[in-house]
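Single-letter residue listing:
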Amino acid sequence: MTVIGGGIAGLCAAIAARRGGAAVRLLEAAPRPLRGGNARHGRNFRLTHETPLDYVPDRYTADELRAELRSVTGEETDRVLTEALIERSYSIAGWLIEHGVHLQPPGTGVMPYSRRTAFPLGGGKAMINALYASAERLGIAINYDSEVRSILHSEGSGWTVNVRSTGADAPIRTRSVVVCAGGAGADPAWLRANFGSTAEGWMVRGTPYADGRLLDLLIGAGGCAIGDPTTCHVVPVDARGPQFDGGIVTRITSIPLGVVVDRSGARIDVVGAGSQPTHYAKWGPRIAACPGQIAYLVLDTQGLARAAPSALAPVTAPNLGELAAALQIDPTALLQSIEDFNAAPANAARTIAEPPFAAYPMRPGLTFVHYGIKVDATMRVVQADGRRHDDLFAAGMIMAANVLRRGYLAGLGITLSAVFGQIAGEEAARHVRG
Amino acid sequence: MSAADPMLEAERVLRICSACMYCDGLCPVFPAIDGKHNFSLSDVSYLSNLCHNCQGCWHDCQYAPPHPFAVNLPATFADLRQRSYADHLWPPALGRAFRASSLAVPATVALALLITFALVLGTGSPEALRTTYAGEGAFYRVLPWPVMAGLAGATFAWAVIAVTLATLRYWRTIAPETAISEILRALPIAFSDIITLRHLGGGGPGCHDHNERTSQRRRILHHLTAGGFVLSGLSTIAASAYHHLLGVMAPYPVASLPVMLGLVGGVTMTVGAVGLLGLEARADRAPSDRGETKLNLAFLVLLALVGASGLAVLGFRSTPAMAPLLTAHLGLVFGLFAALPFSKALHAPFRAAALLRAAIDSNRRASARAPDASGDSL
Ligand SMILES: Cc1cc2nc3c(=O)[nH]c(=O)nc-3n(C[C@H](O)[C@H](O)[C@H](O)COP(=O)(O)OP(=O)(O)OC[C@H]3O[C@@H](n4cnc5c(N)ncnc54)[C@H](O)[C@@H]3O)c2cc1C
Ligand code: SF4
Ligand code: SF4
């Protein structure tokens, strides 16, 4: 069988299928150093546990997770899949450990312990490396730099997967396919098609390889789409960061400590964004609505001192006039905005008064889109007419919208992808073994 | 690799790391930069010695090349670590010798060997190197005791003084402003970190000796090398106790304390050093620094030669080979001591100083953040 995509979902599918007795090939579009998709940028993952575990203290029950999920997704969600996710989120850490992943003992390093989430030691990329090592040990054939361009159902049974590798296309015949190619959105053309021309100024926080091609192929072949291709999780990121794969370090976290202006120097605000951890997800769309999809966070010395470090040092200047010049925005408008703000500072923020001043240019950074392919409880892709092939599966972010049609819970992305990847792998192995 | 100005490169990379912190469980470097926006020369000098080059943060880095951020913390630190040695050497003029350490160390050892052989020939008869000696005092017929003890004492004293002064200069650069009581409270922690080589555990799974896989090999081999070095030193002390207190002259019987210590010490030091050389040969090049690799090689080869030649003296002490082997061994030992202050040996006291500062800082850093404040990175 063939697994398309070597992110966390694809790895879990491949390993589960191999352990289920199937011969497995894993096709990954990225080159080896960039393998692993977005889990490389992940820090921790959510899991339930009734009693304290070595790597997560306290307890976090299935009921709590169920209630939290309901509060973000509302009623519009697949109950069966949600229950499978909740149930398996209990055993996922043990399974990952069994396959070589090391989890960070609580209380080490600088992170406070979390009863809801476990932290892979060294972060997501370390976890990915461990899973690839396990996959190799188990005898899974792995091809990097191998982008799937099309999949065709063969007459009778099985599939032909067309792979582009080092410029040449080659077909692979396979009995069953598990698509774990990630969510869509990393392709500027895909973004433009779904979000319009305002998507021009966006950054993509994750892998450039999750480009929506496989999702489009599945839908084109009759697969049932689910969710809304124009709703997404988007946060403010440093405009000077890389177009793709900026990950966590380009996120601008200190908005509550300063003032945001657009490129005309006019102040913008988001009612109710406050300083909650969710303020990022509220500011992203606001910046996306700005002219040129750019905005500037202005801080004074006090604000900067309280800000968390971010990848790129801010633009600094001894006074607001020079700051405006450095940012190429109208100094009078900027001064006016700051003056107005200082006259009535927002709740968490203080006045922007003490020089030197600093600014971060910000753009919207796409994290994921609430859109994907519909699957059943065995991860088989569901066609628009309700039918399904018994040898075509999809798992991970590409089908996350079955559960998460809106909202997000911290640490759910990796758990969801790992759990559904596992199920897809088990089911596909069961299918090929007959 | 690092940019032209290593200080700028360090600031660039450390900024990214302190925004990221995914590696915070790997080693004490990350807790030490938590929340910091800016890094002074002293910080960087401190951090570079807190890094023991396990290469974990290279393999685990989401921003390693070909990512445009091209973070390579181990290589950045390796470069800065060598600068921190060179900048603090005593006498300061040694800095130049150090920069060419992979030449200066072998040259010093060669010179020491030459002098030793010359002294053997000059103080004994030219026949000295071809005669079989046996019985009490045999070694001193090759090189008279006062010469042997004098050279050993002088080179050893030089090593101790120079290394101590370099370490003090280094400590002055990195020391936090602190009361003696704080230092005293941190000492046991630092001491235990040093003795157990706790951080060579990579936060648990060990070092990345080669590629993504981890092992405890480096930690074990380092323990063997350092332990063997200490045992060999103890053997010398035991021997001089026999000489001065008991009035018995070397060579001592195999079952005696000096020989047993020397035997075990020599074997473990040689095995450890050869093993570490093996790891060095297999190590990934991208996160390594050529200069540091050469420094490591020079020092490890020297340790292995000292250990092996000591064992050879023991093995062949009742044959005609004893005199040349002893001469070579003594030359290597004098050379080791002479070269110690500008060799990789400096990593030991510098790292110890860095661990002391880390212990002071972590005592101060009461767990500040509240549990469950940690969401994921989205
Ligand atoms: C910046 C950031 C931080 C995050 N932090 C967290 C966190 O802390 N905790 C958490 O739980 N979640 C986090 N997430 C979400 C989490 O990373 C994702 O939910 C999860 O990694 C998705 O895994 P996946 O395998 O389904 O898809 P992806 O990671 O998108 O992987 C898809 C894979 O498929 C490959 N691929 C795509 N198209 C093709 C093709 N045509 N042919 C072959 N291969 C192809 C890609 O190269 C890629 O490797 C974060 C996401 C981002 C962007
Ligand atoms: S080495 Fe890379 S992954 Fe680790 S903390 Fe630094 S930037 Fe983050
Ligand atoms: S190489 Fe190892 S010791 Fe050095 S900074 Fe990275 S994780 Fe820490």
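What counts and how
Residues numbered from 1 in each chain as written. Chains lettered and ligands numbered in written order. Predicted model: local features only at pLDDT ≥ 70, side-chain atom pairs only at ≥ 80, totals over all residues. Heavy atoms only, no water. Domains from an automatic or database assignment. Helix = DSSP H or I, 4+ residues; strand = E, 2+ residues; numbered from the N terminus. Expected span 1.5 Å × (residues − 1). Bend = angle between axes of the 7 residues up to and from the residue. Buried < 20%, exposed > 50% of the residue type's maximum accessible area, 1.4 Å probe, protein only. Contact = heavy atoms within 4.5 Å. Buried area = accessible area lost by both parts, 1.4 Å probe. Salt bridge = Lys/Arg side-chain N within 4 Å of Asp/Glu carboxyl O. Nonpolar A, V, L, I, M, F, W, Y, C, P; charged D, E, K, R; others polar. Near = heavy atom within 4 Å. 1 Å grid on protein atoms, 1.4 Å probe; cavity = no way out; pocket = protein on both sides within 12 Å on 5 of 7 lines; lining within 4 Å. Sits in = over half its atoms within 2 Å of the grid points.

Asks: How should I be thinking about the domain arrangement of chain A in this particular structure?
Replies: Frequently, the measure chosen for interface size is the accessible area removed from exposure when the parts meet. Under the domain assignment, chain A is made up of domain 1 (2-229 + 369-433) and domain 2 (253-309 + 319-354). On a C-alpha basis, the centres of domain 1 of chain A and domain 2 of chain A stand 37 Å from each other.

Asks: Explain helix H10 (residues 180-196) of chain B here, please?
Replies: Since the α-helix turns once every 3.6 residues, residues separated by three or four places project in the same direction. Residues and elements named next belong to chain B. The end-to-end C-alpha separation of H10 is 24 Å, in line with the 24 Å expected for 17 residues at 1.5 Å each. The sharpest bend along H10 measures roughly 35° and falls at Leu-187, with the proline Pro-188 sitting one to four residues further on. Three or more residues of H10 are buried, namely Glu-182, Ile-183, Ala-186, Ala-190 and Asp-193. Residues of H10 that are buried in the fold lie against helix H9 (145-174) and helix H15 (347-364). Directly after H10, the chain includes Leu-197, whose backbone phi takes a positive value near 50°.

Asks: Honestly, the interface of chain A and chain B in this entry has me stumped. Any pointers?
Replies: Contact residues are listed per partner, giving 59 residues for chain A and 43 residues for chain B. Buried area between chain A and chain B, summed over both chains or domains, comes out near 3,800 Å², and the portion from carbon and sulfur atoms is 58%. In this structure, the connection of chain A to chain B is made through 4 salt bridges. The salt bridge involving B:Arg213 is made with A:Glu136; its shortest N-O contact spans 3.5 Å. Those elements that provide at least two residues to the side of chain A that touches chain B are helix H5 (124-137), strand S11 (225-238) and strand S16 (357-373) of chain A. With 7 residues, the single largest contributor to the side of chain A that touches chain B is H5(A). Residue composition of the side of chain A that touches chain B, grouped by class: 27 nonpolar, 20 polar and 12 charged.

Asks: Mind showing me how you'd approach the site of ligand 2 here?
Replies: All names here are of chain B. Around ligand 2, the neighbouring residues are Ile-16, Cys-17, Cys-20, Met-21, Tyr-22, Cys-23, Phe-30, Cys-57, Asp-60, Cys-61, Gln-62 and Tyr-63. The site holding ligand 2 turns out to be the largest cavity. At 3 residues, the largest contribution of residues to the shell around ligand 2 is made by helix H1 (residues 6-20). In terms of residue class, the shell around ligand 2 is made up of 10 nonpolar, 1 polar and 1 charged.

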